[in-house]
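What follows is the residue order along each chain.
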Amino acid sequence: MDKRDSVRRLAGRIDYGGGRPLSMKNGGGRTTHDDNGRPHYYGPSSNHAFTQSSTSYLLQPSLRSVRQYGDPSLRRAGLKWSGDIRIEKQLTELFFKWHNAICNEVNECVYRREKEIYDHGQDSLFYSPTLQNAILAIGACYTTRTIPGIPGDSSEFFAKRAKTLLEIELDKPTFATLEAISLISSHEMVNARESSGWLYSGGISVHLVTDMGLHLDLEPNLEPSLQPHDLSGARKLSQEIFWANYWLNIQWSLYLGRPSLMTKLGCTTRKPEVVSIPNMPRHEPARDRSERQPEDCQNPAYNVAVYIYRLASIMGKIADTVYGGVPSTIRSHDNAIQAITSELEQWKKNLPPEVDIDLDKNGNMETQVIYGSSILQLQ
């Protein structure tokens, strides 16, 4: 199998739990796939958890697709745009360079590859026009440039397009749908629409995670033709998508002072592991990101996201302690605080030298010159 296509093909060919006795390790549930390869998780109380193939219905639902209904919907909403390859390229570059580098919400290599596949007429689980417009909306936040053919705020324009397409895409959601929702949530929050942003991150996102079963580390069955490295790539992607959404949800939960549903899911999915990334020479000239080969498309800041995911797991415990809804004694509360404090100290102790700021080693003025005041505030 071509390695470039392995992850894309794998998503529709893994049956998590299929053909095996249901494992109580994962709550007795299973993930099946519909005819288009879209994953759906069903718990032990659902009849679908006991079927051996994709679900079928006596009444076939009327499901729309963005490819068929997207343009007419945008036209009716007054959001039609003829497109500009140069503008799309610039805004996408801004997104991956300035927004996505920290939390790795969208895998750049997979996104670019799957976009090409979609543009050639084949649907993808990891790309959709909804996700593309969400990326353009975030990218437009990093520029003041006026875009021809778009009246007013270009970031708001692309965000409205993404939300219009999302309403259609939720009929048949994919991994790209979940990525788009996280970006739309961030866009709403940065524009001070906190209630709307929270509904995307704290509501739709959480339920879509459970719909796909991304919160569980389910044991898969593979077709004989699939190799272990194919499985590894697909599981790594699903882990990244889940933990990026988990982090965003916990971040807004604590910022807004509201309980998080994400911490109530009984998550068993593993956190992505730290990877070895060669140091990039400072004098190396910048290259067009879209022209890089898959093997050198690794985000240099990927490990930062890994440590953020680990921090999110601890922050989730803080959210549960503060907003658990269960009365606790002062002693049990203090014990929880001490345990979480120890975890935070251990997390900081395990940080690699590249992101661990030693305030004692560097003088105050020197430290500010090296790291900047905004980063020091995190200390």
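These figures come from a predicted structure and were not determined experimentally.

Caption draft 1: Quick look at the overall build of the protein chain. Assigned secondary structure in the protein chain consists of 13 helices and 4 strands. Within the protein chain, contacts between residues at least 6 apart in sequence are counted, and of these 70% link residues at least 24 apart.

Caption draft 2: Representation of the nonpolar core in the model. Core analysis: the biggest nonpolar cluster contains 43 residues, and Val106, Leu131, Ile135, Leu183 and Leu214 have the highest contact counts within it. Sorting the residues of this core by element identifies helix 3 (85-103), helix 4 (108-119), helix 5 (129-140), helix 6 (154-169), helix 7 (175-190), helix 8 (194-212), helix 9 (228-256) and helix 10 (302-323) as the ones contributing at least two each. Of all the elements, helix 9 adds the most residues to this core, at 8 residues. Judged by nonpolar contacts, the second largest core, of 16 residues, contains Leu79, Ile147, Ile150 and Leu165.

Caption draft 3: Seen up close, the side chain of Thr269. Counting through the fold element by element, Thr269 comes out in the loop between helix 9 and helix 10. Once residues within four sequence positions are removed from consideration, Thr269 is found in contact with Leu214, His215, Leu216, Asp217, Gln239, Phe242 and Trp243.

Caption draft 4: Region of interest: helix 4. Given a rise of 1.5 Å per residue, 12 residues ought to cover 16 Å, and the 16 Å separating the end C-alpha atoms of helix 4 matches this to within 8%. For helix 4, the complete set of buried residues consists of Glu108, Val110, Tyr111, Arg113, Glu114, Ile117 and Tyr118. Here helix 4 starts with a cap whose side-chain oxygen sits 3.2 Å from the backbone nitrogen of Cys109, and that cap is Asn107. Once helix 4 ends, the next one or two residues include Gly121, with phi positive near 100°.

Caption draft 5: Representation of the packing of helix 4 against helix 5. Where helix 4 contacts helix 5, the two axes come as close as 11 Å, and the packing angle between them is 130°. For the element pair helix 4 / helix 5, the angle class is oblique. Seen along the crossing, helix 4 lies across helix 5 with a hand that is left-handed. In this structure, helix 4 contributes Tyr111, Lys115 and Tyr118 to the contact, and helix 5 contributes Pro129, Leu131, Gln132 and Ile135. When its residues are assigned to classes, the contact of helix 4 with helix 5 shows 5 nonpolar, 1 polar and 1 charged.

Caption draft 6: Up close: the packing of aromatic side chains. Counting across every chain of the model gives 11 aromatic pairs. Ring centres 5.9 Å apart and planes at 45° place the aromatic pair Phe242 and Tyr246 in the tilted group. Here Tyr246 and Phe242 lie together in helix 9, a separation of 4 residues that amounts to about one turn. We note that Phe242, like Tyr246, is buried. One aromatic cluster is present, formed by Phe95, Phe96, Tyr111, Tyr118 and Tyr127 through successive ring pairs. Across from the ring centre of Tyr307, 5.1 Å away, lies the NZ or CZ of Arg310, which sits over that ring.

Caption draft 7: The pattern of salt bridges, seen in detail. Applying the stated criterion across every chain yields a total of 13 salt bridges. Between Glu114 and Arg113 there is a salt bridge, and its shortest N-O distance comes to 3.2 Å. A relative accessible area of 15% means that Arg113 is categorised as buried. Measuring nitrogen to oxygen at the nearest pair gives 2.9 Å for the salt bridge that ties Arg193 to Glu188. Three or more residues joined by partner-sharing salt bridges are found here, namely Glu156, Lys163, Glu188 and Arg193.

Caption draft 8: Inspection of the confidence of the model for the protein chain at higher detail. When the pLDDT values of the protein chain are averaged, the result is 76; 67% of them are 70 or greater. The secondary-structure element of the protein chain with the lowest mean pLDDT is strand 1 (residues 15-16), recorded at 42, while helix 5 shows the highest, at 96. Below a pLDDT of 50 lies the segment residues 6-25, which in the model reaches 69 contacts outside its immediate sequence neighbourhood of four places, other chains included.

Caption draft 9: Focus on helix 5. Helix length check: helix 5, at 12 residues, gives a terminal C-alpha distance of 16 Å against a target of 16 Å (1.5 Å per residue), a fit within 8%. Here helix 5 lies mainly inside the structure; 12 of its 12 residues are buried. For helix 5, the complete set of buried residues consists of Pro129, Thr130, Leu131, Gln132, Asn133, Ala134, Ile135, Leu136, Ala137, Ile138, Gly139 and Ala140.

Caption draft 10: Main features of unusual backbone geometry. Its identity is not glycine, yet Asn104 carries a phi of approximately 55°, on the positive side. Position of Asn104 relative to the elements: it lies in the loop between helix 3 and helix 4. The phi dihedral of Ala192 is positive, around 65°, even though this residue is not glycine. Tracing the backbone through its elements, the reader meets Ala192 in the loop between helix 7 and helix 8. Its relative accessible area of 61% is what places Ala192 among the exposed residues.

Caption draft 11: Representation of the side chain of Ser182 in the model. Position of Ser182 among the secondary structure elements: in helix 7. Within the local environment of Ser182, its side chain forms a polar contact with the backbone oxygen of Glu179, the two atoms lying 2.7 Å apart. The contact partners of Ser182, leaving out residues within four places of it in the chain, are Glu105, Asn245 and Leu248.

Conventions used here
Residues numbered from 1 in each chain as written. Predicted model: local features only at pLDDT ≥ 70, side-chain atom pairs only at ≥ 80, totals over all residues. Heavy atoms only, no water. Helix = DSSP H or I, 4+ residues; strand = E, 2+ residues; numbered from the N terminus. Contact = heavy atoms within 4.5 Å. Core = buried A, V, L, I, M, F, W, Y, C linked by side-chain atoms within 4.5 Å. Buried < 20%, exposed > 50% of the residue type's maximum accessible area, 1.4 Å probe, protein only. Expected span 1.5 Å × (residues − 1). Polar contact = N/O pair within 3.5 Å; in protein donor to acceptor, adjacent residues only side chain to side chain. Axes fitted to C-alpha atoms, helices over the stretch in contact; angles between N-to-C directions. Parallel < 35°, antiparallel > 145°, perpendicular 65-115°, else oblique. Left-handed = near helix turned anticlockwise from the far one by under 90°. Nonpolar A, V, L, I, M, F, W, Y, C, P; charged D, E, K, R; others polar. Phe/Tyr/Trp six-rings, centres within 6.5 Å; stacked < 30°, edge-to-face > 60°. Lys NZ or Arg CZ within 6 Å of the ring centre and 35° of its normal. Salt bridge = Lys/Arg side-chain N within 4 Å of Asp/Glu carboxyl O. pLDDT = per-residue confidence, 0-100.

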